[in-house]
Amino acid sequence: MPANLTDYMNHYITIIEQEITNQLEKLEIPKPLKDSMLYSMNAGGKRLRPILLIASYEAFANDYKKALSSSVALEMIHTYSLIHDDLPAMDNDDYRRGKLTNHKVFDEATAILAGDGLLTYSFEVIANDPLLDEKQKIEIIKMLSHTSGPNGMVGGQILDMQAENRESNLQELERIHELKTGELIKFAIYTGAYLGNATKEQLQYLEEFAYYLGLIFQVQDDILDVTGDEAKLGKRLGSDEESKKSTYPRLLGIDGAIELKNQYVTSAKNALKKAEVEDSYLMNLTEHFSKRDH
Ligand SMILES: CC(C)=CCC/C(C)=C/COP(=O)(O)OP(=O)(O)O
Ligand SMILES: C=C(C)CCOP(=O)(O)OP(=O)(O)O
């Protein structure tokens, strides 16, 4: 395992991207669908979620291989959500990950199907992993469908849409982010630790950790939407302002948002200590993502 965080992340990004290619290239499906799925999966992105899943696994066990199919499945679901989020019916965005959005390169119908394809194929990737036993497959698929579906990310997206053009309070804002962004992060942390054989008590503390990590990630996203660099982020900024959605900076000011983020970082680290994994890469990743500039 590489000793510093940048090497660690780069090491796993290479492995994750190789496995994404393996899983998609073997599909025997019509060319436009395959090209469209490959386009968004290979368009870059920080690969935060799969890295977190592997780091959570490695807090308890060695050899990432058992965690790889879940990591790749998770990145497929995340990417599907971005393809659909960018569609004209939703955010109507032209750029994502520094490249034209999927529906701008392909047509809208193909982009919808590419998203549907990534969503459903993600479950097949887990179901076909020879390194997992049947009980593990059922537990992971159950968790993934829960966190990405109406009780999780999809539910958060509709709350987010309902929050346009009106003021939300801090509690409502946290609930939206907990579902829309936090649930997939929860899947990453839970699944890694579950596959690494963490105890029930450790899994509970890690769920608490994931809750704060999701919020940290989102506060920083809101801050970057105001202060960030469009070229670095690879997407249009100022969209929160345009849709008149409440954000952390709007409710608390930039300084207030930074202060709240720092409180979440402290809470996240405390949860890691309670789970007795404070010497894992999860600690460094928390710091890293709280200060990210893209
Ligand atoms: C079911 C669907 C479509 C879910 C989308 C989930 C999601 C996290 C979208 C991006 O959020 P955002 O619009 O706040 O971020 P960005 O600025 O990256 O578009
Ligand atoms: C939840 C949000 C804010 C959507 C973007 O997520 P990321 O910032 O992780 O996007 P990529 O790096 O995967 O493109």
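Everything numeric here is computed off the predicted structure, so don't read it as measured data.

Draft legend 1. Spatial organisation of the site of ligand 1. As a structural note, the neighbourhood of ligand 1 is formed by Tyr80, Ser81, His84, Asp85, Asp91, Arg96, Met153, Val154, Gln157, Lys180 and Lys235. In the model, an oxygen atom of ligand 1 is placed 3.1 Å from a nitrogen or oxygen of the Asp91 side chain. Between Lys180 and ligand 1, the recorded distance is 2.6 Å, taken from a side-chain N or O atom to an oxygen atom. Taking 520 Å² as the accessible area of ligand 1 by itself, protein coverage stands at 88%. Residue assignment for the shell around ligand 1 shows that the elements contributing at least two residues are helix H4 (65–85) and helix H8 (153–162). Top contributing element to the shell around ligand 1 by residue count: H4, with four residues. Among the residues forming the shell around ligand 1, the class breakdown is three nonpolar, three polar and five charged.

Draft legend 2. How the structure looks around the site of ligand 2. The local shell around ligand 2 consists of Gly45, Lys46, Arg49, His78, Leu82, Arg97, Thr181, Phe217 and Asp221. One of the side-chain nitrogen or oxygen atoms of Lys46 is found 2.6 Å away from an oxygen atom of ligand 2. Contacts to ligand 2 include Arg97, whose side-chain N or O atom sits 2.7 Å from an oxygen atom. The fraction of the free accessible surface of ligand 2 (390 Å²) that becomes covered by protein chains is 88%. Contributing elements (two or more residues each) for the shell around ligand 2: H4 and helix H10 (200–227). Split into classes, the residues belonging to the shell around ligand 2 amount to two nonpolar, three polar and four charged.

Draft legend 3. Looking closely at helix H14 (residues 281–290). The element H14 is largely enclosed, with a buried count of seven among its 10 residues. All of the buried residues along H14 are Tyr281, Leu282, Met283, Leu285, Thr286, Phe289 and Ser290. Check the buried side of H14 and you find it contacts helix H1 (5–25), helix H3 (48–58), helix H9 (170–195), H10 and helix H13 (248–274).

Draft legend 4. Looking closely at a nonpolar patch on the surface. A surface patch of nonpolar side chains, about 260 Å² in accessible area, is lined by Met90, Ile158 and Met161. Taking the relative accessible area as the measure of exposure, Ile158 reaches 44% and is therefore partly exposed.

Draft legend 5. Inspection of the layout of surface pockets at higher detail. Roughly 180 Å³ of volume is contained in the second largest pocket. Lining the second largest pocket are 13 residues, with Glu19, Gln23, Ser69, Asp129 and Pro130 positioned closest to its centre. Among the secondary structure elements, those contributing two or more residues to the lining of the second largest pocket are H1, H4 and helix H6 (108–127).

Draft legend 6. Structural detail: the packing of aromatic side chains. Following the criterion strictly, the structure yields seven aromatic pairs and no others. Here Tyr12 and Tyr64 contribute two aromatic rings whose centre-to-centre distance is 5.4 Å and whose plane-to-plane angle is 65 degrees, an arrangement assigned as edge-to-face. In this pair, Tyr12 is assigned in helix H1 and Tyr64 in the loop between H3 and H4, connecting sequence segments 52 residues apart. As far as the burial class goes, Tyr12 and Tyr64 line up, both buried.

Draft legend 7. Molecular detail of the pattern of salt bridges. Taken as a whole and judged by the stated rule, the model has 18 salt bridges. One salt bridge in this structure joins Asp63 and Lys65, with 3.6 Å as the shortest N-O distance. A residue is classified by how much of its surface remains accessible, and Asp63, at 44% relative accessible area, is partly exposed. Taking the shortest distance from any N to any O, the salt bridge between Arg96 and Asp86 comes out at 2.9 Å. Of this pair, Arg96 sits in strand E1 (residues 95–96) while Asp86 is found in the loop between H4 and E1, placing the two residues 10 residues apart along the sequence. Each of the two residues, Arg96 as well as Asp86, counts as buried. Each of Glu17, Arg47, Glu75 and Arg97 takes part in salt bridges that share partners, so that together they form one network.

Draft legend 8. Looking closely at empty space enclosed by the protein. A complete count under the given rule lists one cavity of 30 Å³ or more for this structure. Its volume calculated, the largest cavity comes out at about 90 Å³. In terms of lining residues, the largest cavity is bounded by 13 residues, among which Ser40, Ala43, Ile83, Arg96 and Arg97 are the most central. Broken down by element, the lining of the largest cavity gets its largest block of residues, three residues, from H4. Looking at the lining of the largest cavity, its residues break down into five nonpolar, four polar and four charged.

Draft legend 9. Structural context of the environment of Lys65. Mapped onto the elements of the fold, Lys65 is located in helix H4. For the pair Lys65 and Ile112, spaced 47 residues apart in sequence, the C-alpha separation works out to 31 Å.

Draft legend 10. Region of the structure containing the environment of Ile15. Considering the arrangement of structural elements, one finds Ile15 in helix H1. Exposure remark for Ile15: the relative accessible area of 18% places this residue in the buried category. Those residues in contact with Ile15, other than ones at most four positions away along the chain, are Tyr64 and Leu68.

Rules used throughout
Residues numbered from 1 in each chain as written. Chains lettered and ligands numbered in written order. Predicted model: local features only at pLDDT ≥ 70, side-chain atom pairs only at ≥ 80, totals over all residues. Heavy atoms only, no water. Near = heavy atom within 4 Å. Polar contact = N/O pair within 3.5 Å; in protein donor to acceptor, adjacent residues only side chain to side chain. Areas by Shrake-Rupley, 256 points an atom, 1.4 Å probe, with all protein chains shown as cover. Helix = DSSP H or I, 4+ residues; strand = E, 2+ residues; numbered from the N terminus. Nonpolar A, V, L, I, M, F, W, Y, C, P; charged D, E, K, R; others polar. Buried < 20%, exposed > 50% of the residue type's maximum accessible area, 1.4 Å probe, protein only. Contact = heavy atoms within 4.5 Å. Patch = residues over 30% accessible without salt bridge, like charges linked within 9 Å, V, L, I, M, F, W, Y side chains within 5 Å. Salt bridge = Lys/Arg side-chain N within 4 Å of Asp/Glu carboxyl O. 1 Å grid on protein atoms, 1.4 Å probe; cavity = no way out; pocket = protein on both sides within 12 Å on 5 of 7 lines; lining within 4 Å. Points joined across faces, edges and corners; volume = space filled by probe spheres on them. Phe/Tyr/Trp six-rings, centres within 6.5 Å; stacked < 30°, edge-to-face > 60°.

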